[in-house]
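Here is what each chain is made of, one letter per residue.
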Amino acid sequence: MQLDKAMASELQMRSDLMLVIRGIIEAKQWSQSEAAEHLGLTQPRVSYLVNGKVEKFSIDKLLNCLYLMGYRLKPVFTNNSLTVTVESVKTNV
């Protein structure tokens, strides 16, 4: 039961990351080909990403894409509380 909940949580995280990445691609007004170039992916892989093919991407790959777009997640655990902030990073994007 716990394993099922953990797997569901991972799936939700991948889905959430894909929605954010798709939003950034739209905000930057990149075509799929342009996004592929910036992210080091093929255009078909970007198509999978923007169309929500969650099974095609690991959390690691999605976090890498987010970094290449200029962002990183920073989790912090203090006083029995977990927070996650988003930091801007310098990239060539």
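Just so it is clear, the model here is predicted, and its values are computed rather than measured. (Residues numbered from 1 in each chain as written. Predicted model: local features only at pLDDT ≥ 70, side-chain atom pairs only at ≥ 80, totals over all residues. Heavy atoms only, no water.)

Engineer: Tell me about the pattern of salt bridges, residues and numbers included.
Structural biologist: The tally for this structure, following the rule as stated, stands at two salt bridges. Linking Glu10 and Arg14 is a salt bridge whose minimum nitrogen-to-oxygen distance equals 3.8 Å. Linking Glu10 with Arg14, this pair stays in helix α1 (residues 2-27), spanning four residues, or about one helical turn. Its relative accessible area of 37% is what places Glu10 among the partly exposed residues. For Arg14, a relative accessible area of 14% gives the class buried. (Salt bridge = Lys/Arg side-chain N within 4 Å of Asp/Glu carboxyl O. Helix = DSSP H or I, 4+ residues; strand = E, 2+ residues; numbered from the N terminus. Buried < 20%, exposed > 50% of the residue type's maximum accessible area, 1.4 Å probe, protein only.)

Engineer: Help me get a handle on the nonpolar core, residues and values and all.
Structural biologist: Judged by nonpolar contacts, the single largest core of 19 residues is most densely connected at Ile21, Ile25, Leu41, Val46, Leu49, Leu62 and Met69. Put simply, the parts of the chain that give this core at least two residues each are α1, α2 (32-39), α3 (43-50) and α4 (59-68). If you tally residues by element for this core, the top one is α1, at five residues. Once residues within four sequence positions are removed from consideration, Leu49 is found in contact with Met18, Ile21, Arg22, Leu41, Phe57, Leu62 and Cys65. (Core = buried A, V, L, I, M, F, W, Y, C linked by side-chain atoms within 4.5 Å. Contact = heavy atoms within 4.5 Å.)

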